[in-house]
Amino acid sequence: MRLDGKIAIVTGAGSGIGRATALRLAQEGANLVLNDLNQKTLDEIARQAGSAHRTKVATVAGDVSREETAASIAATATSQFGRVDILVNDAGIHHVGDITETSLEDWNRLIAVNLTSMFLVSRAIIPIMLKQRSGAIVNLASISSFVGQEMDGKSTFLYNVTKAGVLQLTTSLATRYAADGIRVNCVCPGGVKTNLILGSILKGQDHIDDSIWKAIGPSHPMGRVAEPSEIAAAIAFLASDDASFITGAALPVDGGYLAR
Ligand SMILES: NC(=O)c1ccc[n+]([C@@H]2O[C@H](COP(=O)([O-])OP(=O)(O)OC[C@H]3O[C@@H](n4cnc5c(N)ncnc54)[C@H](O)[C@@H]3O)[C@@H](O)[C@H]2O)c1
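Residues numbered from 1 in each chain as written. Predicted model: local features only at pLDDT ≥ 70, side-chain atom pairs only at ≥ 80, totals over all residues.

A. Representation of the overall build of the chain. The helix and strand inventory of the chain stands at eight helices and nine strands. Since a compact globule built from 260 residues should have a radius of gyration of about 18 Å, the 17 Å found for the chain is in line with a globular shape. Reported as C-alpha extents along the three principal axes, the dimensions of the chain are approximately 50 × 40 × 35 Å. Expressed as a percentage of the 260 residues in the chain, the buried residues total 45%. Within the chain, residue pairs in contact and separated by at least 24 positions form 74% of the contacts whose partners lie at least 6 positions apart. (Helix = DSSP H or I, 4+ residues; strand = E, 2+ residues; numbered from the N terminus. Rg over C-alpha atoms; globule rule 2.2 N^0.38 Å. Buried ≥ 20, exposed ≤ 12 C-beta atoms within 10 Å, placed from the backbone. Contact = placed C-beta atoms within 7 Å.)

Shown next, in the form of structure tokens:
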């Protein structure tokens, strides 16, 4: 119960890494404010987290790239719990396509969901943490923050640009607020078994089998992709007091991908 009584916000908690993180933080004793697009999905996760661990859960359904959703997350946390100890900026979407076939709408959408969301929610929550003089923010960056990548011969440049932005947002907030007791770190996952990857590969097919994970695995020195729970474990560590002297870090959780 490393996070006993802590109040944690998780955006994008409806699926994949966000969902696994919500359940992991609950397992470690935290109470939760969960965001995603769909209320029904949030209710299901709230039930799961609440019943297994007697966690108190509040939910805010809405597009986290919109200012009103960020404001509503902050208002819900303060009205329901009176404080915020942990913010996990997780919500994100993928994009595969060369620059020559990427529209301005694609560009604006990726920047909005992957980067503007983290700006807006951090901006809404940092004043609360400043008043407390404590808090931990964990952002979802990626191995894509560091390297060029292609999928099926097409570039993932736009996604990679947003994840490089997450890295710098993390670094700059970390140094600015270090003396105020707020730690800001990011995790940089390699391939993880989630809908984000499946959605990029599916491209109109309604089903693909598990062999896809076997195909992606070998690009990682450990020879496999991650389970969402393995990323959640790293996030829980960075969010906890076990990481009390760690800020501004970009922690690869990538089976050795960036070590190559
Ligand atoms: N899966 C990977 O291989 C991988 C690798 C590195 C980083 N990441 C990052 O991890 C994070 C989570 O991704 P995932 O793999 O769990 O994907 P996922 O698709 O399983 O989950 C993402 C969640 O974010 C939600 N979401 C999307 N847009 C939103 C919006 N505008 N407002 C609120 N919620 C929104 C989705 O509904 C979904 O529930 C993302 O930031 C992603 O870039 C994933």
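B. Examining the sheet that holds strand E2 (residues 31–36) more closely. Read from one edge to the other, the open sheet built from seven strands follows the order E3-E2-E1-E4-E5-E8-E9, with strand pairing classed as parallel. In this open sheet, the two strands that pair with only one neighbour each are strand E3 (57–61) and strand E9 (250–253). Shown here is a sheet whose adjacent strand axes are inclined to one another by a mean of 15°, direction ignored. (Pairing = 2+ DSSP bridges. Axes fitted to C-alpha atoms, helices over the stretch in contact; angles between N-to-C directions.)

C. Structural detail: the site of the ligand. Not every one of the 27 residues close to the ligand is listed here, only the nearest: Gly12, Gly16, Gly92, Thr194 and Leu196. Those elements that place two or more of their residues in the shell around the ligand are helix H1 (16–27), E2 and helix H6 (195–202). Of the residues in the shell around the ligand, the class split is 11 nonpolar, 13 polar and three charged. (Near = placed C-beta within 6 Å. Nonpolar A, V, L, I, M, F, W, Y, C, P; charged D, E, K, R; others polar.)

D. Structural detail: the nonpolar core. By size, the foremost hydrophobic cluster in this structure holds 66 residues, and its most contacted members are Ala8, Ile9, Leu32 and Val187. At eight residues, the largest contribution of residues to this core is made by helix H4 (residues 104–132). Apart from residues lying up to four places away in sequence, Ala8 is in contact with Leu3, Leu25, Ala30, Leu32, Asp85, Ile86, Val88 and Ala239. (Core = buried A, V, L, I, M, F, W, Y, C linked by C-beta atoms within 7 Å.)

E. Seen up close, the environment of Arg54. Relative to the assigned elements, Arg54 resides in the loop between helix H2 (39–53) and E3. Along the chain, Arg54 and Ala124 lie 70 residues apart, while their C-alpha atoms are 27 Å from each other.

F. Representation of unusual backbone geometry. We note that Arg133 has phi near 60°; this positive angle belongs to a residue other than glycine. By the element assignment, Arg133 lies in the loop between H4 and strand E5 (135–140). The class of Arg133 is exposed, set by 10 C-beta atoms lying within 10 Å. Within the chain, Asp152 stands out as a residue other than glycine whose phi angle is a positive 50°. In this fold, Asp152 is placed in the loop between strand E6 (150–151) and strand E7 (154–155).

G. Geometry of H1. Helix length check: H1, at 12 residues, gives a terminal C-alpha distance of 17 Å against a target of 16 Å (1.5 Å per residue), a fit within 8%. Within H1, 11 of the 12 residues are buried, which leaves the element mostly enclosed by the surrounding structure. Here H1 has its buried residues at Gly16, Ile17, Gly18, Arg19, Ala20, Thr21, Ala22, Leu23, Arg24, Leu25 and Ala26. Within two residues after H1, Gly29 carries a phi angle of roughly 105°, on the positive side. (Expected span 1.5 Å × (residues − 1).)

H. Region of interest: the packing of H4 against helix H5 (residues 157–177). Following both chains from N to C, one finds H4 and H5 inclined at 15°, their axes separated by 9 Å at the closest point. Comparing the axis directions of H4 and H5 gives the class roughly parallel. H4 and H5 meet at a crossing whose hand is right-handed. Together, Asp106, Trp107, Leu110, Ile111, Asn114, Leu115, Met118, Phe119, Ser122 and Ile126 of H4 and Leu158, Tyr159, Thr162, Gly165, Val166, Leu169, Leu173 and Tyr177 of H5 make up the contact between the two elements. Residue classes in the contact of H4 with H5 are distributed as 13 nonpolar, four polar and one charged. (Parallel < 35°, antiparallel > 145°, perpendicular 65-115°, else oblique. Left-handed = near helix turned anticlockwise from the far one by under 90°.)

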